[in-house]
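# Notes for the structure review
Spelled out from the first residue to the last, the chains are:
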Amino acid sequence: MRFLKRALFPALMPLLVLLLSACTEIRERVSDRDVGSEGARLYALHCSACHGDFGLGGVGVPLALPDFLDSISNRYIEVTIRTGRPGRVMPPFPRLSDEEVRAIVEYIRSFTHGREPEFPPEPVVGDPKRGERLYAGFCAKCHGASGEGGKGTGLSFSRPRDLSILAPALNNPGYLAAASDQMIKHTLMEGRRGTPMRSFLAKGLSERDIDDLVSYIRSFQHRTPADVAMLQRPVKAVLARRSPYSYERTLERVRRSIAAKGLGILREEFLGEGIVEPGTENARQRVIYFVDLVMLSDGLALDPRMGLFLPCRITVVEQDGVVKLMAANPQQYAALFNNSALNEFGRMLFRTYLSIFEEATLRHEKARCCS
Ligand code: HEC
Ligand code: HEC
């Protein structure tokens, strides 16, 4: 938890400053009573670190936009709080009481006029096959080929200002449980002013097209992303492997394996360099930093917190005559953030580390046959 806070706050600070002026308007709308309410307190405690004070957005998408609040029911917010968005950063809150959840919903409603919109209960009937084709043409570029959502989180620094809000995942079990057909339809008909999500009626689609799209989005329900279940699996924090080679030879083999993968070594230093007195570093503990530029920019675009474990680093140590390779397991971060894109990236880095460990410690045939 401490790690999360330390990682989150530096990333959020410039954003908060940026949003301060926009904040004033909404702050004026939220009455004094609401600011001091139980809902406000709970929101500040559980939600504002991601969704921003007054719902203006941050790591999480904005919650205060009138068009958003007019396109969803209170139940939508309640179910979202309870189930979260598995694999999409938004955590579930199973421990809040029903009253607490209701208080948060009431507070979020107070960002605008406070009234809950009504939606007809009937499901939308359409042709999901036709919807699939329309989806590929009109929606996939923002919401992903199979509804997995845009890359990154909430409001992003790396996107242009007019496209500053992340497109949410539509294939997410949390979203599909929360949204009714008519709410999805409403969003497609009306769009959400102040976000990149436009009205597709205004963009020339017919109501029938929109019904087909809704039934296609509903069909995602039967295709839960496979890796959602993997998120909470505990992983080893440190990867370690013993090397059969001498310290120097192991270092050389690690360097060669990194180069053979097309990755660049940025620098090498003794463990503790810059911390202990120069010249007294342990010469038998060396850290090799390496990365590939595409990997670096992909990782940072996914989440700026990726900077915590990029560039990659492998430590080679010799202790009591035993030579070992060690690295922090990049998968542990992904599990911490409930973000399946990060999870996939962590797995890719993990495989890279394992493969380097493997190659660097592989014994020659001859050595194996005769030992
Ligand atoms: C760790 C960050 C984080 C926290 C804490 C968090 N959220 Fe979220 N929330 C997100 C992200 C990211 C999304 C967008 C999910 C996506 O991209 O699919 C989201 C989505 C949502 C949505 C759906 C928005 C939409 O456009 O449909 C609601 C509603 C919501 N959060 C409410 C809350 C509430 C209420 C709390 C506190 C009880 C909370 N969140 C806490 C990150 C967070
Ligand atoms: C230019 C990018 C873009 C395109 C194209 C786009 N969307 Fe969106 N969509 C967004 C963004 C951003 C949001 C979040 C708006 C917000 O913050 O309330 C969104 C929200 C939604 C929502 C509400 C989801 C939620 O969690 O609140 C649905 C449903 C949706 N879009 C469906 C579609 C469909 C279907 C299409 C194609 C017909 C489409 N979108 C095209 C960017 C896009």
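We now turn to the structure provided with this report.

## Let's talk about the coordination of the iron atom of ligand 2
Around the iron atom of ligand 2, the protein supplies His143 (NE2) and Met197 (SD) as donor atoms, at distances of 2.0 to 2.2 Å. Around the iron atom of ligand 2 sit 6 donor atoms; with metal-centred angles ranging over 87 to 178 degrees, the donor geometry is octahedral. With a gap of 54 residues between them, His143 in helix H9 (residues 140-143) and Met197 in the loop between helix H11 (181-190) and helix H12 (207-219) connect regions that are remote in the sequence. By relative accessible area, which is 11% here, His143 ends up buried.

## A short note on the pattern of salt bridges
All chains considered together, the criterion is met by 21 salt bridges. Across the salt bridge formed by Arg41 and Glu38, the nearest N and O atoms sit 3.1 Å from each other. One end of the pair is Arg41 and the other is Glu38, both in helix H3 (residues 38-46) and 3 residues apart, which spans about a single turn. Residue Arg41 is classed as partly exposed on the basis of its relative accessible area, which comes to 45%. Owing to a relative accessible area of 40%, Glu38 belongs among the partly exposed residues under this scheme. A salt bridge links Glu269 to Arg267; the nearest nitrogen and oxygen atoms lie 3.3 Å apart. The structure contains a network of salt bridges with shared partners spanning Arg130, Arg208, Asp209 and Asp212.

## Brief notes about the coordination of the iron atom of ligand 1
For the iron atom of ligand 1, every protein donor is listed as His51 (NE2) and Met90 (SD), and the spread of their distances is 2.0 to 2.1 Å. One can describe the site at the iron atom of ligand 1 as octahedral: its 6 donor atoms subtend angles covering 87 to 179 degrees at the metal. With His51 in helix H4 (residues 48-51) and Met90 in the loop between helix H6 (74-83) and helix H7 (98-109), the pair connects residues that are 39 residues apart, well separated along the chain. The two residues His51 and Met90 agree in class, both being buried.

## Regarding the site of ligand 1
The environment of ligand 1 is formed by 24 residues, the closest being Cys47, Cys50, His51, Tyr76 and Met90. At 2.7 Å, a side-chain N or O of His51 approaches a nitrogen atom of ligand 1. Residue Arg88 places a side-chain N or O atom 3.0 Å away from an oxygen atom belonging to ligand 1. Put simply, the parts of the chain that give the shell around ligand 1 at least two residues each are H4, H6 and H7. Here the shell around ligand 1 takes 3 residues from H6, the largest share from any one element. Per-class residue counts for the shell around ligand 1 are 17 nonpolar, 4 polar and 3 charged.

Analysis parameters
Residues numbered from 1 in each chain as written. Chains lettered and ligands numbered in written order. Predicted model: local features only at pLDDT ≥ 70, side-chain atom pairs only at ≥ 80, totals over all residues. Heavy atoms only, no water. Donors = N, O, S within 2.8 Å, 3.2 Å for Na, K, Ca; no water. Tetrahedral: all angles 85-135°; square planar, octahedral: opposite > 155°, others 65-115°. Helix = DSSP H or I, 4+ residues; strand = E, 2+ residues; numbered from the N terminus. Buried < 20%, exposed > 50% of the residue type's maximum accessible area, 1.4 Å probe, protein only. Salt bridge = Lys/Arg side-chain N within 4 Å of Asp/Glu carboxyl O. Near = heavy atom within 4 Å. Polar contact = N/O pair within 3.5 Å; in protein donor to acceptor, adjacent residues only side chain to side chain. Nonpolar A, V, L, I, M, F, W, Y, C, P; charged D, E, K, R; others polar.

In short, geometric facts, not functional conclusions.
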